[in-house]
Amino acid sequence: MGELIPPAIPHLNDNTRKRIFVADTRGEAVWTSDLDHMSFTRIPVNFDGPIKATYNHVDKRVYVANSKGDSPLTTCTLSGSSLSTLLVGTYTGLTDIALAERHQRLFAVFKDSNVIVVYYLPRRAPQPFVSSVLSNPRAVHVVESQGHVYFTHDNTIERIDISGSNRQVIVTLASSLRQSNSLTVDVESDRLFLIDGDRENIISVNLDGSDMNMSFLPENTVCIGITSFGGLLYWSDENSVVRISKTIPGSDVTTEGEFVDAAYLSIV
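Residues numbered from 1 in each chain as written. Predicted model: local features only at pLDDT ≥ 70, side-chain atom pairs only at ≥ 80, totals over all residues. Heavy atoms only, no water.

A. Broad picture of the overall build of the chain. Within the chain one finds 0 helices and 23 strands. Expressed along its principal axes, the backbone C-alpha trace of the chain runs to roughly 50 × 40 × 35 Å. By the burial criterion, 56% of the 268 residues in the chain qualify as buried. Excluding contacts between residues fewer than 6 apart, the proportion of contacts in the chain whose partners are at least 24 apart in sequence is 40%. As presented, the chain carries roughly 11500 Å² of accessible surface, and 47% of it is formed by carbon and sulfur atoms. (Helix = DSSP H or I, 4+ residues; strand = E, 2+ residues; numbered from the N terminus. Buried < 20%, exposed > 50% of the residue type's maximum accessible area, 1.4 Å probe, protein only. Contact = heavy atoms within 4.5 Å. Areas by Shrake-Rupley, 256 points an atom, 1.4 Å probe, with all protein chains shown as cover.)

The structure is reproduced here in structure tokens:
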């Protein structure tokens, strides 16, 4: 008999109050705020070079991807209590995580092992999710309302169902763009936004791969991490400042927080 997969939780929906999380890598901190106030507080834990954090409203725990130390994937409460580690086995090079909350599945990208794994929460051991025809994976993003997981590897963006079926290529980027480190999908405009480390600007494209915009922001704007919610983009720049703009090029930009080394963002 195969492993039993937990069913989706029907009562969870997008009306749950949203929080934004900012991983502050050199500051060894994770900061969070509700989207209504954008007043950040630090989770009172020193993490090992955190690069991404997300939150599970079901078990009320923060999940953090770390770039250093012996515990690449850790979890704790918002108050910093009950700090513990998720198993990673022989997988190495953790670069990104994303949560499918209604399905209680945590996806993690291990670049050096060329694999994307899934944790069926509350279980703490990973299972392979995508491992074939996968080279240099870096970023993962869940659009649970559509039942899709988006991920990047080399110069390719792909989509697969949360169930692990119906894998397909969305767009193939220029061969020089092989470090797509952060991506998000704006469901209101049906557009995907990503940041590639070789270009550092925000790249935007329709979900069918058409109408690509290679410079969403003005030239020479250096971006690190990106997320979205409610028709707005939230992104961090080279000065570790979190900024907000609409998903339309040329929109006004506001500043919402300054950090030591803001990396990737998430809204859950």
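B. Layout of the sheet that holds strand E21 (residues 241–246). Pairing is antiparallel across the open sheet formed by 4 strands, whose spatial order is E19-E20-E21-E22. Looking at strand neighbours, the two that pair on one side only are strand E19 (223–229) and strand E22 (254–258), the edges of this open sheet. Put simply, the sheet's adjacent strands are angled 25 degrees from each other on average, direction ignored. (Pairing = 2+ DSSP bridges. Axes fitted to C-alpha atoms, helices over the stretch in contact; angles between N-to-C directions.)

C. Focus on the packing of aromatic side chains. Per the counting criterion, the structure on display carries 5 aromatic pairs. Seen from their ring centres, Phe 40 and Phe 259 are 5.3 Å apart, and the 90 degrees between their planes marks the pair as edge-to-face. Of this pair, Phe 40 sits in the loop between strand E2 (29–34) and strand E3 (41–42) while Phe 259 sits in the loop between E22 and strand E23 (262–267), placing them 219 residues apart in sequence. Side by side, Phe 40 and Phe 259 carry an identical accessibility label, which is buried. Here the aromatic residues Trp 31, Phe 40 and Phe 259 are joined through ring pairs into a cluster of three or more. (Phe/Tyr/Trp six-rings, centres within 6.5 Å; stacked < 30°, edge-to-face > 60°.)

D. Highlighting the side chain of Thr 54. In this structure, Thr 54 sits in strand E4 (residues 50–56). Accessibility expressed as a relative area gives 3% for Thr 54, which makes it buried. Discounting chain neighbours no more than four positions away, the residues touching Thr 54 are Arg 61, Val 62, Tyr 63, Ile 97, Leu 99, Leu 106, Ser 266 and Val 268.

E. Representation of the pairing of E2. Most of E2 is tucked away: 5 of the 6 residues are buried. Pairing geometry for strand E1 (residues 19–24) and E2, over 6 bridges, is antiparallel. Note that in E2 the partner of Phe 21 across the bridge is Thr 32. What sits between the antiparallel neighbours E1 and E2 is a turn of 4 residues, in which Glu 28 has the positive phi angle 50 degrees. Taken together, E2 and the strand that follows it, E3, pair antiparallel across an intervening segment of 6 residues, in which Met 38 is found at a positive phi of about 50 degrees.

F. Up close: the environment of Arg 243. Counting through the fold element by element, Arg 243 comes out in strand E21. Considering only alpha carbons, one finds Arg 243 and Glu 258, 15 residues apart in sequence, at a separation of 9.3 Å.

G. Unusual backbone geometry, seen in detail. Residues Leu 121 and Pro 122 are joined by a peptide bond in cis, for which omega reads 10 degrees. Locating Pro 122 in the fold gives a position in the loop between strand E10 (115–120) and strand E11 (127–130). Its identity is not glycine, yet Met 38 carries a phi of approximately 50 degrees, on the positive side. With respect to the helices and strands, the residue Met 38 is situated in the loop between E2 and E3. Even without being glycine, Gln 104 reaches a positive phi, approximately 55 degrees. Along the chain, the position of Gln 104 falls in the loop between strand E8 (94–100) and strand E9 (105–110). Owing to a relative accessible area of 9%, Gln 104 belongs among the buried residues under this scheme.

H. Structural detail: the side chain of Arg 61. Structurally, Arg 61 is set in strand E5 (residues 61–66). Buried within the structure, Arg 61 lacks any salt-bridge partner; Asp 59 is the closest side chain of opposite charge, at an N-O distance of 5.1 Å. A polar contact is formed between the side chain of Arg 61 and the backbone oxygen of Ser 82, at a distance of 2.5 Å. Excluding residues within four positions of it along the chain, Arg 61 makes contact with Thr 54, Tyr 55, Asn 56, Thr 75, Cys 76, Thr 77, Ser 82, Ser 84 and Arg 124. (Lys, Arg positive; Asp, Glu negative; His and termini not counted. Salt bridge = Lys/Arg side-chain N within 4 Å of Asp/Glu carboxyl O. Polar contact = N/O pair within 3.5 Å; in protein donor to acceptor, adjacent residues only side chain to side chain.)

I. Representation of the pattern of salt bridges within the structure. Scanning all chains against the criterion turns up 6 salt bridges. In this structure, Lys 68 engages Glu 28 in a salt bridge whose closest nitrogen and oxygen atoms are separated by 3.4 Å. With Lys 68 in the loop between E5 and strand E6 (73–76) and Glu 28 in the loop between E1 and E2, the pair connects residues that are 40 residues apart, well separated along the chain. Relative accessible area serves as the criterion here: at 44%, Lys 68 is assigned to the partly exposed category. Of the charged contacts in the structure, one is a salt bridge between Arg 167 and Glu 158, with a shortest N-O distance of 2.6 Å. Given a relative accessible area of 30%, Arg 167 falls into the partly exposed group. Taking the relative accessible area as the measure of exposure, Glu 158 reaches 5% and is therefore buried.

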